[in-house]
Amino acid sequence: MSVQMKFFMIPVRDLRESEEELNRFLSGVRVVHIHREFVGQGDNSFWSIAVEYLAGDSAQTGPFGGGKQRGRVDYKEVLSPEDFAIFAALRDWRKQKAAEEAVAVYQVFTNHQLATMVERGVTSKSELMEIEGVGEGRVEKYGEAVLDILSREGRQKVDKVEE
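About the criteria used
- Within each chain, residue numbers correspond to sequence positions counted from 1 in written order.
- Totals for whole chains, interfaces and linings use all residues, but because this is a predicted model, local features are given only for residues with pLDDT of at least 70 and pairs of side-chain atoms are given and counted only at 80 or more.
- Each side-chain value is worked out from all heavy atoms of the structure, with water and hydrogens disregarded.
- For Phe, Tyr and Trp, rings pair up if their centres lie within 6.5 Å, where Trp contributes its six-membered ring, and each pair is then called stacked (planes under 30 degrees apart), edge-to-face (over 60) or tilted (otherwise).
- Secondary structure counts use DSSP, requiring at least four H or I residues in a row for a helix and at least two E residues in a row for a strand, with both numbered from the N terminus.
- Think of it in three bands: with a 1.4 Å probe and only protein chains considered, a residue is buried below 20% of the maximum accessible area for its type, exposed above 50%, and partly exposed in between.
- Angular values range over 0 to 180 degrees, each being the angle between N-to-C directions of two axes fitted as lines to C-alpha atoms, with helices fitted over their stretch in contact.
- Roughly parallel means an angle under 35 degrees; roughly antiparallel means over 145; roughly perpendicular covers 65 to 115; every other angle is labelled oblique.
- Here is the rule for handedness: rotate from the far helix to the near one, and if that takes an anticlockwise turn smaller than a right angle the crossing is left-handed, while a clockwise turn gives right-handed.
- Any two residues whose heavy atoms approach within 4.5 Å are treated as being in contact.
- Residue type decides the class: Asp, Glu, Lys and Arg count as charged, Ala, Val, Leu, Ile, Met, Phe, Trp, Tyr, Cys and Pro as nonpolar, and the leftover types, Gly among them, as polar.
- At least two DSSP bridges between two strands are needed for those strands to be called paired.

## Some remarks on the packing of aromatic side chains
Here is step 1 of the chain: Under the criterion given, the structure shown has 8 aromatic pairs.
Here is step 2 of the chain: Aromatic side chains Phe25 and Tyr53 sit 5.0 Å apart centroid to centroid with 85 degrees between the ring planes, which places their arrangement in the edge-to-face category. Note that Phe25 is positioned in helix α1 (residues 16–27) and Tyr53 in strand β3 (residues 46–55), a separation of 28 residues in sequence. Tyr53 matches Phe25 in its accessibility class, with the two residues each being buried.
Here is step 3 of the chain: Centroid distance Phe84 to Phe87: 5.8 Å. Interplanar angle 40 degrees. Geometry classified as tilted. Of this pair, Phe84 and Phe87 both sit in helix α3 (residues 81–101), 3 residues apart, roughly one helical turn. One exposure class covers both Phe84 and Phe87, and it is buried.

Structural data, given as structure tokens:
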């Protein structure tokens with residue numbers, strides 16, 4: 001399975017056909033992330049939408065996602081077992097950090113951001129900042145802890161592979 005992109009322009013005027021095309025597409029894929037931006041150009045204004053989705057046989061979910069909430073990603077299916085273990089360690093850390101700060105877990109990092117860190121094998125603060133939605137503030141606040149987990153769990157992954 002691989003992540004693919006599809007782009008849509010939904011004009012403000014006469015949007016029905018474009019809207020139906022987008023909805024047909026979304027009902028047949030496993031959405032990872034949707035990027036949207038309103039482009040104001042008077043009568044020619046439109047929504048620019050980029051959909052990241054999973055391509056491959058098991059990515060097809062139908063309108064109800066086989067009993068799961070449509071649009072949600074099961075990272076246990078997407079990531080390798082080794083990468084999922086690292087992802088799970090990051091999620092556990094995030095849950096603890098969010099509880100300490102009395103904020104929602106997604107305010108620390110989203111699942112998509114954590115999975116991207118693991119998939120890319122991030123090893124530096126500058127690489128963290130390359131992830132969409134991760135800015136200087138988050139890197140300064142959480143960067144050392146995240147890099148420590150990625151490094152520690154990554155070493156364990158290598159040790160298991162060498163055995």
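So, next bit.
## Quick word on the packing of α3 against helix α5 (residues 111–120)
Here is step 1 of the chain: Running from amino to carboxyl end, α3 crosses α5 at an angle of 135 degrees, the nearest separation of the two axes being 9 Å. Taken together, the axes of α3 and α5 lie oblique to each other. The crossing of α3 and α5 is right-handed. Touching Asp83, Ile86, Phe87, Leu90, Arg91 and Arg94 of α3 are Asn111, Leu114, Ala115 and Val118, all from α5.
Here is step 2 of the chain: Looking at the contact of α3 with α5 residue by residue, the class counts come to 6 nonpolar, 1 polar and 3 charged.

## A closer look at the sheet that holds strand β1 (residues 2–11)
Here is step 1 of the chain: Sheet architecture is open: 3 strands sit in the order β1-β3-β2, paired in antiparallel fashion. Of all strands in the sheet, those bounded by a partner on one side alone are β1 and β2 (30–39). Adjacent strand axes in the sheet meet at a mean angle of 15 degrees when their direction is disregarded.
Here is step 2 of the chain: The sheet contact formed by β1 and β3 spans 10 bridges and is antiparallel. Counted as the bridge partner of Ile10 is Trp47 from β3.

## Thoughts on the environment of Tyr142
Here is step 1 of the chain: Structurally, Tyr142 can be placed in helix α7 (residues 136–162).
Here is step 2 of the chain: Along the backbone, Tyr142 and Phe109 are 33 residues apart, and their C-alpha atoms lie at a distance of 9.4 Å.
Here is step 3 of the chain: Not counting the four nearest positions on each side in its chain, Tyr142 is found in contact with Trp93, Lys97, Glu101, Val108 and Phe109.

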